[in-house]
Amino acid sequence: MSALLQTSDLTCVKDDRVLFENLNLSLSEGQILLVEGKNGSGKTSLLRILTGLNLPESGEVLWQGQPISEVGPEYYEQVNYVGHHDGIKRDLTCLENLRLVQAMGKPMPIDLDDALDKVNLYRFGDNFVATLSAGQKRRLALARLVVTEAKLWIMDEPFTSLDKASMAMFQEMFEKHLANGGVIVMTSHHDIEMKNSDVVRLNLSE
Amino acid sequence: MKRLSLSQAFWFLLRRDLLLALRNRSELANPLLFFVLVITLFPLAVGAEPNLLARIAPGIIWVAALLASMLSLDAIFRSDFEDGTLEQMLLSAHPVPVLVLAKVTAHWLVTGLPLLLVAPLLAMMLGLDEDAYGILLLTILLGTPVLSLIGSIGVALTIGLRKGGIILSLLVLPLYVPVLIFSASAIDAAAGGLSVSAQLSMMMAFLFLSLSLSPVATAAALKMSMS
């Protein structure tokens with residue numbers, strides 16, 4: 001199977017410290033990359049380089065064999081990034097936030113109420129985000145995975161402030177995405193068990 | 001489902017920003033209140049001598065408009081930066097300059113346009129020559145979008161800094177000066193019964209130049225600030 005996402009000789013330097021050097025990765029359909037490492041080992045930096053938000057010191061990120069800077073919009077249409085920040089507006093309702101997410105990406109043909117139901121936020125559609133709890137906000141942030149059609153999910157600590165039941169729910173969702181030919185890159189301090197999926201582990205501290 | 005067309009995305013983001021502004025009305029009133037207060041302070045400070053006030057009215061109104069615009073600049077991107085929506089905007093499949101233009105347009109509608117509405121009242125209070133009212137409104141209509149557009153570049157450059165306020169003023173104010181000079185001079189000339197076509201042509205040139213170039217510069221600056 002041909003690789004969807006590749007990196008070639010990726011080097012990241014932050015404040016004169018080399019975080020990682022000559023990193024070569026290759027991910028194809030149905031694979032999940034778990035990035036592990038101590039605090040400050042460059043997990044977030046790697047994820048942001050993969051999205052194109054940060055630029056590497058040297059090396060390239062390739063999508064279907066082409067550098068992402070050249071692919072442009074077609075790449076961004078395929079990427080869903082959930083970062084440290086939830087990327088949702090406090091002063092909008094849950095539904096308004098999801099509509100915004102859809103407007104910025106490639107919308108999935110799904111009823112937004114159903115999408116909220118999938119992340120256990122049914123009936124919260126007209127609530128302002130400011131009134132939600134931290135875990136609920138995180139679930140709304142992750143709802144962007146449901147409402148847009150993207151092949152590559154890049155997630156930075158997606159399970160922050162989620163309870164066990166929600167974690168299991170999202171892991172199941174991730175496995176489904178992988179089974180449908182998606183690719184996931186994520187960091188997590190939680191133990192991830194995905195027995196049915198092709199898991200690649202990368203430890204940046206070693 | 002296909003993604004939204006470019007114009008749909010533009011209108012969507014514009015509407016969203018207007019909705020957010022409507023839900024934070026106190027922030028919305030801030031620059032307008034500042035504009036009115038600064039101008040009402042002048043007669044108290046320099047004395048209510050009609051000729052003097054009428055003479056300096058164009059300058060007062062424009063300096064106040066400039067400072068009011070500066071005051072509200074940071075709000076263009078600040079909240080989006082803090083909650084991560086700016087990050088998502090940069091990762092959108094739509095061209096970032098168009099999204100930036102939508103945000104700046106919303107910002108102008110909320111902070112620049114109200115100045116246009118109260119300016120005639122304040123001009124009347126200062127005793128500005130009646131012949132100059134039309135030109136005053138025209139300079140505000142042409143000039144305040146330029147302030148928002150130029151300001152957005154400065155905000156984009158300083159958004160990642162914790163205390164970017166002073167640098168922002170230093171960056172942006174020198175670029176505001178041409179707008180100030182030409183608009184005040186246009187109102188002066190109109191009050192004196194002279195032709196103002198030269199000044200207005202210059203201001204129109206500023207507007208189109210900043211309209212076409214500043215979104216691109218702002219998008220590039222945002223990308224730099226986010227990395």
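Everything here concerns the structure above.
Source: prediction; values computed, not measured.

A.B. asks: Lay out the overall build of chain B with the relevant residues and their values.
C.D. replies: Looking only at helices and strands, chain B has ten helices and zero strands in total. Each helix (α) and strand (β) of chain B, taken in turn from the N terminus, gives the series α-α-α-α-α-α-α-α-α-α. The C-alpha radius of gyration computed for chain B amounts to 18 Å, which stays within 12% of the reference 17 Å derived for 227 residues, consistent with globular compactness. Projected onto its principal axes, the C-alpha positions of chain B cover 60 × 35 × 30 Å. Counting every position in chain B, which comprises 227 residues, the buried fraction comes to 46%. Contacts spanning at least 24 positions in sequence make up 80% of the contacts within chain B whose residues lie at least 6 apart.

A.B. asks: Can you lay out the nonpolar core for me, pointing to particular residues and giving the numbers?
C.D. replies: Grouped burial of nonpolar side chains is what soluble globular proteins tend to show. The biggest cluster of nonpolar side chains holds 123 residues, and the ones touching the most others in it are A143 and I154 of chain A together with I61, A65 and L136 of chain B. Sorting elements by how many residues they give to this core places helix α8 (residues 133-158) of chain B first, with 13 residues. Ignoring anything within four residues of it in the chain, the contact list for A65 of chain B reads F35, L115, I140 and T144 of chain B.

A.B. asks: Account for the interface of chain A and chain B, naming residues and giving values.
C.D. replies: Facing the 25 residues of chain A at the interface are 22 residues of chain B. Secondary structure elements with two or more residues in the side of chain A that touches chain B: α3 (73-78), β6 (79-82) and α4 (94-104) of chain A. Among the residues making up the side of chain A that touches chain B, the classes are represented as 13 nonpolar, six polar and six charged.

A.B. asks: Give a description of unusual backbone geometry that names residues and reports values.
C.D. replies: Not every positive phi belongs to a glycine, and D15 of chain A is a case in point at roughly 50 degrees. When the 5 C-beta atoms within 10 Å are taken as the criterion, D15 of chain A is described as exposed.

A.B. asks: I'd like a rundown of the pairing of strand β3 (residues 31-36) of chain A, residues and numbers included.
C.D. replies: Regular strands place their side chains on alternate faces of the sheet. All names here are of chain A. With six bridges joining them, β3 and strand β9 (residues 198-203) adopt parallel strand pairing. Within β9, the residue paired with E36 across the bridge is N203. Sheet topology places β3 next to strand β8 (residues 183-187); four bridges connect them, and they run parallel. Along β8, the bridge assignment pairs L33 with V185.

A.B. asks: How would you summarise the environment of I76 of chain B if you had to cite specific residues and measurements?
C.D. replies: All names here are of chain B. Tracing the backbone through its elements, the reader meets I76 in the loop between α3 (50-73) and α4 (78-83). A count of 25 C-beta atoms within 10 Å places I76 in the buried class. The sequence separation of I76 and V38 amounts to 38 residues, and the corresponding C-alpha distance is 23 Å. Sequence-distant contacts of I76, that is, excluding residues within four places in its chain, are made with K103, V104, H107, S152 and V155.

A.B. asks: How would you sum up helix α7 (residues 113-126) of chain B? Please name residues and give values.
C.D. replies: All names here are of chain B. For α7, with 14 residues, the first-to-last C-alpha span of 20 Å sits near the 20 Å given by 1.5 Å per residue. Taking the largest bend as the criterion, α7 deviates by roughly 40 degrees, centred on A119, and proline P120 comes between one and four positions later. Listed in full, the buried residues belonging to α7 are L115, A119, L122, A123 and L126. Tucked inside the fold, the buried residues of α7 contact α2 (25-46), α3 and α8. Once α7 finishes, G127 follows within two positions and takes phi at roughly 75 degrees, a positive value.

A.B. asks: Go over the sheet that holds strand β5 (residues 66-67) of chain A, please, and point to the residues and values.
C.D. replies: All names here are of chain A. Here four strands make up an open sheet; going across it, the order is β2-β1-β4-β5 and the pairing antiparallel. Every other strand in the sheet has two partners, leaving β2 (17-28) and β5 as the edge strands with one partner each. Sheet topology places strand β1 (residues 3-14) next to β2; eight bridges connect them, and they run antiparallel. Directly across from V13, in β2, lies its bridge partner V18. Relative to β1, helix α1 (residues 43-51) is tilted by about 125 degrees, and along the sheet it contacts β1, β2 and β4 (58-63).

A.B. asks: Account for the packing of α7 of chain B against α8 of chain B, with residues named and values stated.
C.D. replies: All names here are of chain B. The interhelical angle for the contact between α7 and α8, taken along N-to-C directions, is 150 degrees, at an axis separation of 10 Å. Relative to α8, the element α7 is oriented roughly antiparallel. The two elements α7 and α8 cross, and the hand of that crossing is right-handed. Contact with α7, carried on its side by L115, L116, A119, P120 and A123, involves Y133, L136, L137, I140, L141 and T144 of α8 and no other residues of that element. A per-class count over the contact of α7 with α8 returns ten nonpolar, one polar and no charged.

A.B. asks: Explain α1 of chain A to me, using residue names and the numbers behind them.
C.D. replies: Most of α1 of chain A is tucked away: eight of the nine residues are buried. The first or second residue beyond α1 of chain A is G52 of chain A, which carries a positive phi of 90 degrees.

A.B. asks: Account for the environment of E206 of chain A, with residues named and values stated.
C.D. replies: Summarising the element assignment, E206 of chain A is placed in the segment after β9. Once the C-alpha coordinates of E206 of chain A and F20 of chain A are considered, the two residues, 186 residues apart in sequence, prove to be 9.9 Å apart.

A.B. asks: Before we move on, could you go through the sheet that holds strand β7 (residues 152-156) of chain A and cite the residues and values that matter?
C.D. replies: All names here are of chain A. The sheet built from five strands is open, its strands ordered β6-β7-β8-β3-β9 with parallel pairing. Taken across any chain shown, the strands that pair with only one partner, and hence form the sheet edges, are β6 and β9. Pairs of neighbouring strands in the sheet enclose a mean axial angle of 15 degrees, with direction left out of account.

What counts, and at which threshold
- Residues numbered from 1 in each chain as written.
- Chains lettered and ligands numbered in written order.
- Predicted model: local features only at pLDDT ≥ 70, side-chain atom pairs only at ≥ 80, totals over all residues.
- Helix = DSSP H or I, 4+ residues; strand = E, 2+ residues; numbered from the N terminus.
- Rg over C-alpha atoms; globule rule 2.2 N^0.38 Å.
- Buried ≥ 20, exposed ≤ 12 C-beta atoms within 10 Å, placed from the backbone.
- Contact = placed C-beta atoms within 7 Å.
- Core = buried A, V, L, I, M, F, W, Y, C linked by C-beta atoms within 7 Å.
- Nonpolar A, V, L, I, M, F, W, Y, C, P; charged D, E, K, R; others polar.
- Pairing = 2+ DSSP bridges.
- Expected span 1.5 Å × (residues − 1).
- Bend = angle between axes of the 7 residues up to and from the residue.
- Axes fitted to C-alpha atoms, helices over the stretch in contact; angles between N-to-C directions.
- Parallel < 35°, antiparallel > 145°, perpendicular 65-115°, else oblique.
- Left-handed = near helix turned anticlockwise from the far one by under 90°.

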